[in-house]
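Here is what each chain is made of, one letter per residue.
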Amino acid sequence: MSILNQKTIKAPIEFEGITLHKGKIAKVKILPAKPNSGIVFKRIDIKGDNLIEANFLNVSDATLCTTLTNRSGVSVSTVEHLIAALYGKGVDNALIEIDNDEVPIIDGSSKFFVEKIDNVGLVNSDKSIKIIKILKKIVLKDGKKTISMEPTKTSLEIDFEIKFNNAVIKNQRNIINVYETDLTDIFNSRTFCLYEDIEAIKKVGLAKGGSLENAIVVKDNEILNKGGLRNSKEFVNHKILDCIGDLYTCGYRMIASIKCSQGGHYLTNQLMRKVFENKE
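Reading the values: rules and limits
- Residues numbered from 1 in each chain as written.
- Predicted model: local features only at pLDDT ≥ 70, side-chain atom pairs only at ≥ 80, totals over all residues.
- Heavy atoms only, no water.
- Core = buried A, V, L, I, M, F, W, Y, C linked by side-chain atoms within 4.5 Å.
- Buried < 20%, exposed > 50% of the residue type's maximum accessible area, 1.4 Å probe, protein only.
- Helix = DSSP H or I, 4+ residues; strand = E, 2+ residues; numbered from the N terminus.
- Phe/Tyr/Trp six-rings, centres within 6.5 Å; stacked < 30°, edge-to-face > 60°.
- Lys NZ or Arg CZ within 6 Å of the ring centre and 35° of its normal.
- Pairing = 2+ DSSP bridges.
- Axes fitted to C-alpha atoms, helices over the stretch in contact; angles between N-to-C directions.
- Contact = heavy atoms within 4.5 Å.
- Expected span 1.5 Å × (residues − 1).
- Parallel < 35°, antiparallel > 145°, perpendicular 65-115°, else oblique.
- Left-handed = near helix turned anticlockwise from the far one by under 90°.
- Nonpolar A, V, L, I, M, F, W, Y, C, P; charged D, E, K, R; others polar.

Now for the nonpolar core. Core analysis: the biggest nonpolar cluster contains 68 residues, and Ile-30, Phe-41, Met-149, Ile-158, Ile-244, Leu-247 and Met-254 have the highest contact counts within it. A total of 7 residues in this core trace back to one element, the largest contributor, which is helix α5 (residues 234–247).

Here it is in structure tokens:
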């Protein structure tokens, strides 16, 4: 199977589960798709204009998750973990049917999605993958948060760091190469939050489906989840997972070096917009 040819899944993938922010049950079916169609969501609970492309210009909100919205105002949120799994496993084209406005959170990582993709396997097409190579350095800042993108030869490198005033999380940094690093620890890393932030998050109507089954919760110097962490850098690795998912909304295999400090969904999306507004 050529890594330079576009791929889709060999057979449909079906699953359902609770959604993190709305707390509803959503059913999802991922279907094989034709070359050059990209990653597209289809809200099957809505008739007419129910297709939403996984495109950075369709990102309408980046508060604690990535929300995509089409021109008719039809949305789907918390897409980043599923899209990261598709990118990491080399899926270029897929149609994702969903009967609700949010992708199930499952365990808060991409582990489940990756296993499902591995189970069905991939099929090659005769069309070449879409590649974009970054030629100029771009830097964005938002207070203490920074993200930059600069040229590299043949890889997509992500250098990410987080800084938390918490005895467990502290400062963490990891550097990976998306096309060469074993991404198992990245895929397996769960979303996380501080115990003291939960009430504020719920006050704004989010995390209604959140639990210790789908998120790491840190209280003072203790991890409340049984079994603790899945890997020593799980906190920063989850941020890298989010970053991979948000980068794939460009629709290309990217060749670039990305450095991010304390960033998230919003900053990555702003970077995508900045990159594509300049054809150079």
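Further notes follow.
Moving on to the packing of aromatic side chains. Throughout the structure, instances matching the rule amount to 9 aromatic pairs. Seen from their ring centres, Tyr-87 and Tyr-248 are 4.1 Å apart, and the 15° between their planes marks the pair as stacked. With Tyr-87 in helix α1 (residues 80–88) and Tyr-248 in the loop between α5 and β19 (253–261), this pair connects stretches of sequence that are 161 residues apart. Relative accessible area serves as the criterion here: at 2%, Tyr-87 is assigned to the buried category. Members of the aromatic cluster, joined through ring pairs, are Phe-15, Phe-112 and Phe-113. Across from the ring centre of Tyr-195, 4.5 Å away, lies the NZ or CZ of Lys-219, which sits over that ring.

The strand order across the open sheet formed by 5 strands is β2-β3-β9-β4-β5, and the pairing between neighbours is mixed. Each edge of the open sheet is held by one strand with a lone partner, namely β2 (13–18) and β5 (51–53). For this sheet, the mean inter-axis angle between neighbouring strands, taken without regard to orientation, is 25°. Sheet strands in contact with α1 are β3 (25–32), β4 (39–43) and β9 (94–98), and its direction is about 145° off that of β4.

Attention shifts here to α5. The end-to-end C-alpha distance of α5 is 20 Å, a good match for the 20 Å that 14 residues give at a rise of 1.5 Å each. For α5, the tally of buried residues reaches 13 of 14 residues, placing the bulk of the element in the interior.

Below, the discussion takes up the pairing of strand β14 (residues 156–163). Here 6 bridges tie β14 to β19, and the two strands are oriented parallel to one another. Note that in β19 the partner of Glu-161 across the bridge is Ser-261. As judged from the 7 bridges shared by β14 and strand β15 (residues 171–177), these two strands associate in the antiparallel manner. Pairing of Phe-160 across the sheet is with Asn-174, part of β15.

Another aspect to go through is the sheet that holds strand β18 (residues 222–223). Adjacent strands of a sheet pair through backbone hydrogen bonds, lying either parallel or antiparallel. Spatial strand order, β16-β17-β18: 3 strands in an open sheet with mixed pairing. What marks the edges here is a single partner per strand, and that holds for β16 (192–194) and β18. In the sheet, strand β17 (residues 216–219) pairs with β18 via 2 bridges, with the strands oriented antiparallel. Residue Lys-219 lies in a different strand from β18, and its bridge partner there is Glu-222.

A word on the packing of α1 against helix α2 (residues 111–120). Packed helix pairs are characterised by how far apart their axes lie and by the angle those axes make with each other. Where α1 meets α2, the axes come as close as 9 Å, and the angle between the chain directions of the two elements is 40°. Relative to α2, the element α1 lies oblique. In terms of crossing hand, the pair formed by α1 and α2 is right-handed. Taking contact as the criterion, the partners of His-81, Leu-82, Ala-85 and Leu-86 in α1 are, on α2, Phe-113, Val-114 and Ile-117. In terms of residue class, the contact of α1 with α2 is made up of 6 nonpolar, 1 polar and no charged.

Bringing the environment of Glu-213 into the picture now. Checked against the element boundaries, Glu-213 lands in the loop between α4 (198–203) and β17. With relative accessibility at 65%, the residue Glu-213 sits in the exposed group. C-alpha of Glu-213 to C-alpha of Ile-105: the two residues are 108 residues apart in sequence and 9.7 Å apart in space. Those residues in contact with Glu-213 that lie beyond four places of it in its chain are Ile-106 and Asp-107.

Below, the discussion takes up unusual backbone geometry. The phi angle at Leu-64 is positive, at roughly 65°, despite the residue not being glycine. Overall, Leu-64 belongs to the partly exposed group, its relative accessible area being 47%. The phi dihedral of Ile-106 falls on the positive side, at around 50°, and the residue is not glycine. Here Ile-106 shows up in the loop between β9 and α2. Classification of Ile-106 by relative accessible area gives partly exposed; the value is 24%.

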